[in-house]
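# Geometric and topological summary
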Amino acid sequence: MDILKISIFGISAVLFALILKSYRPEYSYFISIAVCVCIFLFVATKLEQIIGYAEKMLDMIHIENSYITMILKMVGITYVAEFASGICKDCGYQTIAGQIELFAKLSILVVGMPVMLAFMETIGEML
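Residues numbered from 1 in each chain as written. Predicted model: local features only at pLDDT ≥ 70, side-chain atom pairs only at ≥ 80, totals over all residues. Heavy atoms only, no water.

Here helix α1 (residues 2-21) contains 20 residues, and its C-alpha end-to-end distance of 28 Å stays within 8% of the 28 Å for a straight helix at 1.5 Å per residue. Gly 10, Ala 13, Ala 17 and Leu 20 are the residues of α1 that are buried. An end-on view of α1 places all buried positions within 95 degrees of arc, on one side of the element. Residues Ile 8, Ile 11, Leu 18 and Ile 19 are exposed on α1 and point more than 90 degrees away from its buried face. On the buried face of α1, the contacting elements are α2 (25-61). (Helix = DSSP H or I, 4+ residues; strand = E, 2+ residues; numbered from the N terminus. Expected span 1.5 Å × (residues − 1). Buried < 20%, exposed > 50% of the residue type's maximum accessible area, 1.4 Å probe, protein only. Arc of directions from axis to C-beta. Contact = heavy atoms within 4.5 Å.)

Spelled out as structure tokens, the structure:
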């Protein structure tokens, strides 16, 4: 199972970074970042499966591609922002992490605005 591999990899890296931290603290940050990037790349390979399932859902429910695309963009923004924010927090840069999270929230809002406008137009036509 992939989760066991990733968990063992992460725990091993943390233990190695903790041992190394007492000798060379700067290297422990590098190990942390490298492991995060490796795990993120592994997660990216899973995105192909998610996109495949999204395409199957599109065929089943017959909605516009733009809505599924928008949802996938929102999920992608969330994951990338969480990843970058976590690395910044681990390195002690909470302010930068907060700015990344704020930008992600605004980006999600911008991606979702066309749906909100279409909804408002539909309500306006009903009145």
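Looking now at the packing of aromatic side chains. For any pair of aromatic rings, the description rests on two quantities: the centre-to-centre distance and the angle between the ring planes. As enumerated under the stated definition, the model contains two aromatic pairs in all. Between Tyr 27 and Phe 30, the aromatic rings sit 6.3 Å apart at their centres with planes inclined by 40 degrees, giving tilted as the arrangement. Separated by three residues within a single helix, Tyr 27 and Phe 30 lie in helix α2, roughly one turn from each other. Given a relative accessible area of 37%, Tyr 27 falls into the partly exposed group. (Phe/Tyr/Trp six-rings, centres within 6.5 Å; stacked < 30°, edge-to-face > 60°.)

Moving on: helix α4 (residues 94-126). With 33 residues, α4 should reach 48 Å at 1.5 Å per residue; the first-to-last C-alpha distance of 47 Å fits that figure. By the largest-angle criterion, Gly 112 marks the main kink of α4, which is about 40 degrees, and a proline, Pro 114, follows within four residues. Listed as buried for α4 are Ala 97, Ala 104, Ser 107 and Gly 112. Elements in contact with the buried residues of α4: α3 (65-90). (Bend = angle between axes of the 7 residues up to and from the residue.)

Taken by themselves, the reported measurements are silent on function.
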